[in-house]
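# Geometric and topological summary
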Amino acid sequence: MASKKERELIFNKFGGKCAYCGCELLKGWHIDELKPIRRNRKWDRKKRKWLYDGTCKHPERLHIDNQMPACASCNINKHTLSLEEFRKLVGGFLTSLNRDSTQYKIAKRYGFIEEVVKPVIFYFETVQSQQSEAN
Ligand SMILES: [Zn+2]
């Protein structure tokens, strides 16, 4: 668990914004491990759910240098994915919306949605490239 001071440092890494989508972080924001730590879990047959024992496969990654401020939805979607796996997932959202979401398809036909095909660039990557240009 990050201390209050560490949480504050992580929150401020990208000006109080989600490292991935760039939205303003709200109360209840998450700390994501950029390189996933992969928490150890066991399936509990009686409770019919995964139980985490508090250990993980990569405890060395529980470090502020690897910890990113994330909104709940980015953190939940990234889950244990690597950055490139997450990029692939986000990049596929348009395909799955067009395939699976009737509301999306109707909204598109009514002209509410304009699709843009472009590479997935995370907010922290934009910030980092601006910082390196400034230096
Ligand atoms: Zn986000």
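Being a predicted model, the structure only gives us computed values, none of them experimental. (Residues numbered from 1 in each chain as written. Predicted model: local features only at pLDDT ≥ 70, side-chain atom pairs only at ≥ 80, totals over all residues. Heavy atoms only, no water.)

## Some points on the pattern of salt bridges
Where side chains of opposite charge bring their charged atoms close, a pairing between them can arise. In total, this model carries five salt bridges according to the counting rule given. Between lysine 78 and aspartate 32 there is a salt bridge, with its nearest N and O atoms 3.1 Å apart. Of this pair, lysine 78 sits in helix H2 (residues 72–78) while aspartate 32 sits in strand S1 (residues 30–33); the two residues are 46 residues apart in sequence, bridging distant segments of the chain. Neither lysine 78 nor aspartate 32 differs from the other in exposure class; each is buried. Between arginine 87 and glutamate 84 there is a salt bridge, with its nearest N and O atoms 2.8 Å apart. Here glutamate 84 and arginine 87 lie together in helix H3 (residues 83–91), a separation of three residues that amounts to about one turn. (Salt bridge = Lys/Arg side-chain N within 4 Å of Asp/Glu carboxyl O. Helix = DSSP H or I, 4+ residues; strand = E, 2+ residues; numbered from the N terminus. Buried < 20%, exposed > 50% of the residue type's maximum accessible area, 1.4 Å probe, protein only.)

## Digging into the environment of valine 120
Here valine 120 lies in the loop between helix H5 (102–109) and helix H6 (123–134). As a C-alpha pair, valine 120 and leucine 89 span 31 residues in sequence and 9.7 Å in three-dimensional space. Aside from chain neighbours lying at most four places away, what touches valine 120 is Arg87, Val90, Gly91 and Glu125. (Contact = heavy atoms within 4.5 Å.)

## Overview of the coordination of the zinc ion
In an ideal octahedron of six donors the angles at the metal are 90 or 180 degrees, and in an ideal tetrahedron of four donors they are 109.5 degrees. Bound to the zinc ion are the protein donor atoms Cys18 (SG), Cys21 (SG), Cys71 (SG) and Cys74 (SG), situated 2.3 to 2.4 Å from the metal. For the zinc ion, the four donor atoms in the first shell make angles of 102 to 115° at the metal, a pattern classed as tetrahedral. Site description for the zinc ion: donor spacing in sequence, C-x2-C-x49-C-x2-C. With cysteine 18 in the loop between helix H1 (4–11) and S1 and cysteine 71 in the loop between strand S4 (67–70) and H2, this residue pair connects regions lying 53 residues apart in the sequence. (Donors = N, O, S within 2.8 Å, 3.2 Å for Na, K, Ca; no water. Tetrahedral: all angles 85-135°; square planar, octahedral: opposite > 155°, others 65-115°.)

## Remarks on the side chain of aspartate 44
Within the element layout of this structure, aspartate 44 appears in strand S2 (residues 39–44). Of the side chains with opposite charge, lysine 47 lies nearest to the buried aspartate 44, which makes no salt bridge, at 4.6 Å. Here lysine 47 takes part through its backbone nitrogen, which lies 2.8 Å from a polar atom of the side chain of aspartate 44. When near neighbours in sequence (up to four residues on either side) are disregarded, aspartate 44 contacts Lys49 and Leu51. (Lys, Arg positive; Asp, Glu negative; His and termini not counted. Polar contact = N/O pair within 3.5 Å; in protein donor to acceptor, adjacent residues only side chain to side chain.)

## Regarding the state of the cysteines
Following the criterion strictly, the structure yields zero disulfides and no others. Just so you know, cysteine 23 is unpaired, no disulfide at all, and the nearest cysteine sulfur is the one on cysteine 21, 3.6 Å from it. With relative accessibility at 29%, the residue cysteine 23 sits in the partly exposed group. (Disulfide = S-S within 2.5 Å.)

## Re unusual backbone geometry
Phi is mostly negative for residues that are not glycine, and the peptide bonds are mostly trans. The residue arginine 38 is not glycine, and still its phi comes out positive at about 50°. Structurally, arginine 38 can be placed in the loop between S1 and S2. A residue is classified by how much of its surface remains accessible, and arginine 38, at 32% relative accessible area, is partly exposed. Of note, histidine 79 is a non-glycine position whose phi angle comes to about 50°, a positive value.

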